[in-house]
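Architecture at a glance
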Amino acid sequence: MSFAKAAAELNVTPAALSYQIKGLEAHLEAPLFRRLNRAVELTEQGRILQPGVAQAFADLTDAWGRTRKSLDAHMLTVTAGPAFTAKVLAPRMFRFAAQHPEIELRFSATLRILDFARDEVDIGIRFGTGQDEGLFSEELYRGWISPMMRPSIADRISRPEDLLGETLIHDDSLNFLDSVPDWQRWFALSGVTHGDLKGPHFSQADHALDMALEGSGVVLGRSSIALSALHSGALVAPFPLAMTSEAHYRIVCQKGTEDRPAIRLFRDWIKAEMAAELKLADGHRIVMVD
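These remarks concern the structure in this document. (Residues numbered from 1 in each chain as written. Predicted model: local features only at pLDDT ≥ 70, side-chain atom pairs only at ≥ 80, totals over all residues. Heavy atoms only, no water.)

1. Some details on the overall build of the chain
For the chain, the helix and strand inventory stands at nine helices and 13 strands. In terms of overall size, the chain is more extended than a compact globule, its C-alpha atoms giving a radius of gyration of 26 Å where 290 residues would be expected to give roughly 19 Å. In terms of overall dimensions, the chain has a C-alpha envelope of 80 × 50 × 30 Å along the principal axes. Relative to its 290 residues, the chain shows a buried fraction of 44%. Carbon and sulfur atoms make up 54% of the accessible area of the chain, which totals about 15800 Å². (Helix = DSSP H or I, 4+ residues; strand = E, 2+ residues; numbered from the N terminus. Rg over C-alpha atoms; globule rule 2.2 N^0.38 Å. Buried < 20%, exposed > 50% of the residue type's maximum accessible area, 1.4 Å probe, protein only. Areas by Shrake-Rupley, 256 points an atom, 1.4 Å probe, with all protein chains shown as cover.)

In structure tokens, the structure reads:
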């Protein structure tokens, strides 16, 4: 509803845009806009025409994007959250590259839900309760959450209540859930009475984990983000009680592209990588938080 903004988006002058609109209205033989003092609004004919025009441009954009991707058969653009990209994908990419040197991977690390056509993304890894309408979607990994710490801290802790004497690191990245698997919930399940649970709060899971890696406290860590640290022994999860929730990681892509060769290879590879991590849950009693 702004000729000036429309002209800027199309990279033409307002006068050129106005000329084009007048030509469109002349072709239709009806006005599409009412020109007001400092604004414009659609006429009845404009309101009828607008949804079809918007859908036509969306279809054209989608078809153009899919056609461009078909020309780049050996390029794969993957989007995932910053924490998953940094802690899970980045340390493993050398294995995918060694197995499939013909595929060039590109990453877009963002919490924003990207549009596969508009943003030219091939495959996404999303975390949440699963709202992927209109897309191909399959579960990738359902992790667990438990206190994680440096071995030097674990050496002086034997009971859950001992954690109250340590700096508790709060990962707020799951606060969007209806039932949050946080420190309060873990202590309640452990039967530990406590007062105010102070400590630093982080909005990003990997930032909270990094503080624990520095030995500066105990994090209620997400296994998905802590895989490398747990494997290397940099962090340990000594208590058997762990929590999980309905939120999980999924692989998503446009329907009809899931068996495109590069996408299929990446899907098979990342599923095998995450399946190999399920053994880390051995010895833990995992409780669903609802």
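2. Structural notes on helix H6 (residues 183-190)
For H6, the complete set of buried residues consists of Trp-183, Trp-186 and Phe-187. Each buried residue of H6 sits inside an arc of 95° when the element is viewed along its axis, so together they form one side. Contacts made by the buried residues of H6 are with strand S7 (145-148), strand S8 (168-171), strand S10 (218-222) and strand S11 (241-244). (Arc of directions from axis to C-beta. Contact = heavy atoms within 4.5 Å.)

3. A word on the pairing of strand S12 (residues 248-254)
With seven of seven residues buried, S12 is to be regarded as a mostly interior element. In the sheet, strand S5 (residues 123-128) pairs with S12 via five bridges, with the strands oriented antiparallel. Bridge pairing links Phe-127 to Tyr-249 in S12. By the bridge criterion, six bridges tie strand S6 (residues 135-141) to S12 in an arrangement that is antiparallel. (Pairing = 2+ DSSP bridges.)

Any functional reading would require information that these geometric values do not contain.
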